[in-house]
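Survey of secondary and tertiary structure
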Amino acid sequence: IAFGVATGRVLKSTLKVLKEWAIPPPDVLITAVGSEIYYGKNHLVEDAGWRRLIDRRWDREALEALLDGVPGLRLQAKANQRPFKLSYDVEPDAAPSMRDIKGRIKRAGLEASVIYSHEAYLDLLPSRASKGGALRYLSHRWGLPMERLLVAGDSGNDAEMLTSGAFGIVVGNYSPELGTLRGRDGVYFADASGRLIYANP
């Protein structure tokens with residue numbers, strides 16, 4: 001059995017939370033909404049192959065310029081930005097729809113994966129990057145069929161991971177974006193809320 005953590009957080013923030021909750025070091029870390037993969041428990045090494053794979057038609061600067069000044073979108077702090085992740089805070093009542101944002105990107109001749117989560121956050125990633133994409137990459141690299149993987153999530157940035165071919169669990173306190181997955185094969189909606197619990201023996 002291998003233990004992994006897939007999160008929207010950047011690596012520094014992820015390691016801080018794991019330490020605060022006394023979670024044992026994972027075998028693999030998928031961070032920054034699936035745009036980065038790290039291995040190792042004591043000395044983390046980033047997967048350079050994944051970086052090369054997702055770096056296709058990715059123009060972070062052009063995307064940032066395109067969305068500059070769009071109502072309801074506020075660029076997140078520099079600490080939350082990554083080379084393959086452009087992140088915004090969203091005011092749902094003021095911001096355009098995700099469909100509109102995708103349309104703007106397409107009309108500009110750019111490519112990006114548009115991920116909306118917790119009705120408050122917008123992440124733009126390379127079109128090949130996501131938590132689900134990172135899982136499929138690891139499945140292929142390890143020779144481990146997707147149906148041997150079990151994943152759990154609670155927000156929109158987990159949607160592709162939950163429908164990637166792994167067994168998916170949506171926790172009871174999920175964000176509304178995941179409601180559309182109800183009834184999908186291989187996706188179980190739990191009644192209990194998700195809580196980060198670890199008992200240190």
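See the structure above.
The present account deals with the structure reproduced in this document. All values reported here derive from a predicted model rather than from experimental measurement.

Regarding helix H4 (residues 98–107)
When we look at burial in H4, the residues that qualify are Met 98, Ile 101, Gly 103 and Ile 105. Where H4 is buried, its residues touch helix H3 (60–67), strand E5 (73–75), strand E7 (113–117) and strand E8 (121–125). A positive phi of about 75 degrees marks Gly 109, the residue just after H4.

Describing the sheet that holds strand E3 (residues 36–39)
Read from one edge to the other, the open sheet built from four strands follows the order E1-E2-E3-E4, with strand pairing classed as mixed. Edge positions in the sheet fall to strand E1 (4–6) and strand E4 (45–46), since each of these pairs with one other strand and no more. Looking at chain direction, E3 and E4 are connected through two bridges and run antiparallel. What sits directly across from Tyr 38, in E4, is Glu 46. Together, E1, strand E2 (28–31) and E3 form the strand contacts of helix H1 (residues 11–20), whose direction differs from that of E2 by roughly 125 degrees. Its contacts with the sheet put helix H5 (residues 131–142) on E1, E2 and E3, and the angle it makes with E3 is roughly 40 degrees.

Quick word on the environment of Arg 99
Take Arg 99: it is sitting in helix H4. Judged by relative accessible area, Arg 99 falls into the exposed class, the value being 76%.

How each quantity is defined
Residues numbered from 1 in each chain as written. Predicted model: local features only at pLDDT ≥ 70, side-chain atom pairs only at ≥ 80, totals over all residues. Heavy atoms only, no water. Buried < 20%, exposed > 50% of the residue type's maximum accessible area, 1.4 Å probe, protein only. Helix = DSSP H or I, 4+ residues; strand = E, 2+ residues; numbered from the N terminus. Contact = heavy atoms within 4.5 Å. Pairing = 2+ DSSP bridges. Axes fitted to C-alpha atoms, helices over the stretch in contact; angles between N-to-C directions.

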